[in-house]
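Okay, here's what each chain looks like letter by letter:
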Amino acid sequence: MKILVTNDDGIHAPGIEALAEALRGVGEVAVVAPDRERSAVSHALTLHHPLRAECLGPGRFAVDGTPTDCVNLGIHSLLDFHPDLVVSGINRGANLGDDVTYSGTVAAAMEATLMGIPAFAISLVCREGHGDYGAAAAFAARLAGTVVARGLPADTFLNVNVPDLRADQLLPPLITTQGKRRYEGTIVDKVDPRGRCYYWIGTADLAFLDIQGSDSAAISAGHISVTPLHLDLTNRSSIDMLRKWELC
Ligand code: MN
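Please read all numbers here as calculations on a predicted model, not as lab measurements. (Residues numbered from 1 in each chain as written. Predicted model: local features only at pLDDT ≥ 70, side-chain atom pairs only at ≥ 80, totals over all residues. Heavy atoms only, no water.)

**Q** I tried to follow the pattern of salt bridges on my own but got confused; where do I start?
**A** Pairs can form between side chains of opposite charge once their charged atoms are near each other. Summed over all chains, the structure comprises nine salt bridges. The salt bridge involving aspartate 98 is made with lysine 180; its shortest N-O contact spans 3.0 Å. Of this pair, aspartate 98 sits in the loop between strand S5 (85-92) and helix H3 (104-114) while lysine 180 is found in the loop between strand S8 (171-175) and strand S9 (181-182), placing the two residues 82 residues apart along the sequence. (Salt bridge = Lys/Arg side-chain N within 4 Å of Asp/Glu carboxyl O. Helix = DSSP H or I, 4+ residues; strand = E, 2+ residues; numbered from the N terminus.)

Structure, rendered in structure tokens:
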């Protein structure tokens, strides 16, 4: 099994080290990841300036671009194999509910899915700067084997979140739905030393709506959450209603 590993926390983040190490136990691993933290860049693709890749060792490349750039460069230029699987993470912090629309970690798995390569994103639900990646890495290695052996449905990848617990405290994985955050009071506005206002987004610890079967519900109960996501964002249930609108 040949695996491309990437992330959005940057190639020197502890999560990607733990992930690559665990996946080496189940296949051949190459790492192509951003040269610095690129969290919350979502599915951004660099089109207006050239990209550079620095080889840091055998099968290990740092790219001055986004996670989506890394998947593209890895598959089309840098790797000497075509991966059977792309794994993105292990992200420092949750990617639950609406987070998936901002996440660079999740977008890397999306990019692989667009290329027809099975993929999953994996995140550790921990606070900034803390977290033990061991149990999440071990789960990633097990899941990698299963995904490659069984395949994924068309247009589908997995978004995995793992509670920051010891392996013997973790409850079994649940297949979940994408949850929903409660967005309120998430912007801090203050005045800088020169008297100008500044604003800071994303500082609050956001709660989740209590939705049964959701990713956040599984995590709060101590389970690993595995959410199947797909890239067709069409809301099919609204099509009939919209076709009745008189749009011209
Ligand atoms: Mn991140």
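**Q** How do you make sense of the coordination of the manganese ion when you look at a structure like this?
**A** Asp8 (OD), Asp9 (OD), Ser39 (OG) and Asn91 (OD1) make up the full set of protein donors to the manganese ion, lying at 2.1 to 2.3 Å. Of note, the manganese ion draws all its donor residues from one chain, in the sequence arrangement D-D-x29-S-x51-N. (Donors = N, O, S within 2.8 Å, 3.2 Å for Na, K, Ca; no water.)

**Q** Looking at this structure, how should I read the pairing of strand S7 (residues 156-163)?
**A** Regular strands have side chains that alternate between both faces of the sheet. By the criterion of burial, S7 is predominantly enclosed, with eight of the eight residues buried. Neither face of S7 is open: one carries Thr156, Leu158, Val160 and Val162, the other Phe157, Asn159, Asn161 and Pro163, and all of them are buried. Here strand S6 (residues 119-125) pairs with S7 via six bridges, running parallel. Following the sheet pairing, leucine 124 is matched in S7 by valine 162. Examined bridge by bridge, S7 and strand S13 (residues 223-230) share six bridges and lie antiparallel to one another. Note on S13: the bridge partner recorded for asparagine 159 is threonine 227. (Buried < 20%, exposed > 50% of the residue type's maximum accessible area, 1.4 Å probe, protein only. Pairing = 2+ DSSP bridges.)

**Q** Would you mind going over the nonpolar core with me for this structure?
**A** Phe120, Ile122 and Val160 are the most contacted members of the largest nonpolar core, which has 33 residues in total. Elements with a contribution of two residues or more to this core: strand S1 (2-6), helix H1 (14-23), strand S2 (28-34), S5, S6, helix H4 (134-150), S7 and S13. Per-element accounting of this core gives the leading share, eight residues, to H4. If we skip the residues at most four places from it in the chain, isoleucine 122 touches Leu19, Val87, Ser88, Gly89, Ile90, Asn91, Thr105, Ala136, Phe139, Ala140, Val160 and Val162. Grouped together as the second largest cluster of nonpolar side chains are 23 residues, Ala30, Val106, Ala108 and Phe157 included. (Core = buried A, V, L, I, M, F, W, Y, C linked by side-chain atoms within 4.5 Å. Contact = heavy atoms within 4.5 Å.)

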